[in-house]
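Chain by chain, the residues:
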Amino acid sequence: MEEGTLLPAELPVRNGRVYHLDLAPHELASNVLVVGDPERVPFLSDEFLAERETDRCNRGLRTITGHVRETGQRVTITTSGMGAPSMEIVVNELVALNEFNLSTGRRKESFEPLTVVRVGTSGGLQADTELGSLIVTDYGVGLDNTGLYYNAPLPDAECGLLERRVRSLIEETIPPDVRFRGRFHPYAVRADCRVRVALEREALHLGVPCRRGATVTSPGFFAEQGRSIGRVAPTIPNLADLMASVDTGIPGLKMENMEMEASILLHLMGAFGYRAGVVCVVINKRTEGTFLTDYREPVRKAALVALRAFRVLGPGTD
């Protein structure tokens with residue numbers, strides 16, 4: 001292999017397509033909408049795209065690329081799967097599709113960064129946040145350890161403060177005799193400011209209830225979010241309430257919601273120099289124990305907000 005060329009084991013390619021997403025570079029748009037549930041991909045495609053230029057599904061990861069019906073803007077809607085590890089795979093393959101010649105394994109001499117927005121669902125942490133409302137992420141805290149494998153610099157001083165405060169609160173809460181005390185190393189991230197502002201403005205223009213907030217990313221759904229339905233006690237008691245109580249140290253910013261993918265998306269895309277943001281629907285209220293079972297309409301509105309933000313951020317015509 002030539003010097004500087006990735007070996008097949010580092011970037012697996014089959015028939016000119018990346019291994020997990022099963023996409024070829026020409027099938028990826030410069031604006032990418034990422035959703036967790038693969039069934040949301042065709043749902044949003046039917047709602048917003050004029051046609052399906054590309055429609056592929058592999059290993060449970062559905063991807064559709066087409067042009068937005070109203071604007072003509074080319075967009076890819078793809079699946080992250082559940083959790084930070086799955087999102088990490090998808091993010092790296094999106095970057096590989098954008099930056100590498102898959103035939104040679106060499107990075108292109110020049111490329112335009114992608115703009116990526118996660119449209120997801122989440123649990124609301126604050127009592128005054130209504131079910132069905134949108135949270136646009138400004139800062140985030142990853143409780144997963146996926147991000148720790150990427151030595152990305154702190155986005156700003158506030159991220160360092162947020163990391164210290166969350167870690168200290170977790171350590172104070174875990175009883176001294178618990179086996180895994182001292183093993184938690186939260187990392188803080190920040191959304192691209194241009195994307196965050198565009199999402200907030202478009203939600204305002206559409207009249208969709210929306211809040212700017214800090215987002216907690218958990219590595220799982222049950223004990224990792226403070227749910228206790230099994231017979232093994234969670235290491236961190238009352239985790240959701242604990243995260244809701246965090247003083248971020250950032251004026252006007254509360255820990256608003258908890259989900260499972262935002263941290264690694266923002267961590268990696270920020271380090272790569274790509275624009276990335278997150279907008280999530282609140283579908284359950286941990287303070288009240290309530291759950292919104294039919295959330296298709298607020299997810300549709302969140303996706304519309306993201307697509308309008310793409311238009312503002314431009315160009316995305318490919």
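The shown structure was predicted, so the numbers you read here are calculated from the model rather than taken from an experiment.

A few words on the nonpolar core. Of all hydrophobic cores here, the largest spans 33 residues; its most connected members are Leu21, Val91, Leu94, Val116, Leu265 and Met269. Elements that contribute at least two residues to this core include exactly β3 (31-35), α2 (84-99), β11 (187-190), α6 (262-272) and β14 (275-285). Per-element accounting of this core gives the leading share, eight residues, to α2. Ignoring any residue separated from it by four or fewer positions in sequence, one finds Met269 in contact with Val91, Val95, Val116, Tyr274 and Ala276.

This part takes up unusual backbone geometry. Note on backbone geometry: most residues besides glycine have negative phi, and most peptide bonds are trans. Of note, the phi angle at Asp22 is positive, near 60 degrees, even though the residue is not glycine. Considering the arrangement of structural elements, one finds Asp22 in the loop between β2 (17-18) and β3. Judged by its relative accessible area of 15%, Asp22 falls in the buried class. With a phi angle near 50 degrees, Asn238 is a residue other than glycine that sits in the positive phi range. Turning to its location among the elements, Asn238 is positioned in the loop between β12 (210-217) and α5 (239-244).

With that settled, the discussion passes to the environment of Gln126. Here Gln126 shows up in the loop between β9 (115-124) and β10 (134-142). By relative accessible area, which is 11% here, Gln126 ends up buried. Residues Gln126 and Glu256, 130 residues apart in the sequence, show an inter-C-alpha distance of 5.9 Å. Not counting the four nearest positions on each side in its chain, Gln126 is found in contact with Arg211, Ala244, Lys254, Met255, Glu256 and Lys285.

Below, the discussion takes up a nonpolar patch on the surface. A cluster of nonpolar residues, Phe221, Phe222 and Ile229, forms a patch on the protein surface that exposes about 320 Å² of accessible area. Along the chain, Phe221 turns up in the loop between β12 and α5. By relative accessible area, which is 38% here, Phe221 ends up partly exposed.

Before going further, it helps to examine helix α3 (residues 157-173). A rise of 1.5 Å per residue sets the reference length of α3, with its 17 residues, at 24 Å; its end C-alpha atoms lie 25 Å apart and thus fit the reference within 8%. Residues of α3 that are buried: Cys159, Gly160, Leu162, Val166, Ile170 and Glu171. Along the axis of α3, the buried residues cluster in a sector spanning 165 degrees; they form a single face. In α3, those exposed residues whose orientation departs by more than 90 degrees from the buried face are Ala157, Arg164 and Glu172. Looking at the buried positions of α3, the neighbouring elements they touch are β10, β11, α5 and β13 (255-259). Its side-chain oxygen placed 3.2 Å from the backbone nitrogen of Glu158, Asp156 serves as the N-cap of α3.

To continue, consider the pattern of salt bridges. Think of it this way: side chains of opposite charge can pair up when their charged atoms draw near. Evaluated as defined, the whole model comprises 20 salt bridges. Between Arg118 and Glu261 there is a salt bridge, with its nearest N and O atoms 3.1 Å apart. One end of the pair, Arg118, is in strand β9; the other, Glu261, is in the loop between β13 and α6, with 143 residues separating them in the sequence. Each member of the pair, Arg118 as well as Glu261, carries the same accessibility label: buried. Notably, a salt bridge pairs Arg190 with Asp138, separated by 2.9 Å at the nearest N-O pair. Here Arg190 is found in strand β11, whereas its partner Asp138 is found in strand β10, with 52 residues between them in sequence. Judged by its relative accessible area of 24%, Arg190 falls in the partly exposed class.

Another point: the packing of helix α1 (residues 40-48) against helix α7 (residues 296-313). Their axes nearest at 11 Å, the elements α1 and α7 cross at an angle of 65 degrees. Both α1 and α7 take part in a crossing whose hand is right-handed. Each of Arg40, Phe43, Leu44, Glu47 and Phe48 in α1 lies in contact with α7, whose residues at this interface are Arg296, Val299, Arg300, Ala303, Leu304 and Leu307. Its residues assigned to classes, the contact of α1 with α7 comprises seven nonpolar, no polar and four charged.

The rules behind the values
- Residues numbered from 1 in each chain as written.
- Predicted model: local features only at pLDDT ≥ 70, side-chain atom pairs only at ≥ 80, totals over all residues.
- Heavy atoms only, no water.
- Core = buried A, V, L, I, M, F, W, Y, C linked by side-chain atoms within 4.5 Å.
- Buried < 20%, exposed > 50% of the residue type's maximum accessible area, 1.4 Å probe, protein only.
- Helix = DSSP H or I, 4+ residues; strand = E, 2+ residues; numbered from the N terminus.
- Contact = heavy atoms within 4.5 Å.
- Patch = residues over 30% accessible without salt bridge, like charges linked within 9 Å, V, L, I, M, F, W, Y side chains within 5 Å.
- Areas by Shrake-Rupley, 256 points an atom, 1.4 Å probe, with all protein chains shown as cover.
- Salt bridge = Lys/Arg side-chain N within 4 Å of Asp/Glu carboxyl O.
- Expected span 1.5 Å × (residues − 1).
- Arc of directions from axis to C-beta.
- Polar contact = N/O pair within 3.5 Å; in protein donor to acceptor, adjacent residues only side chain to side chain.
- Axes fitted to C-alpha atoms, helices over the stretch in contact; angles between N-to-C directions.
- Left-handed = near helix turned anticlockwise from the far one by under 90°.
- Nonpolar A, V, L, I, M, F, W, Y, C, P; charged D, E, K, R; others polar.

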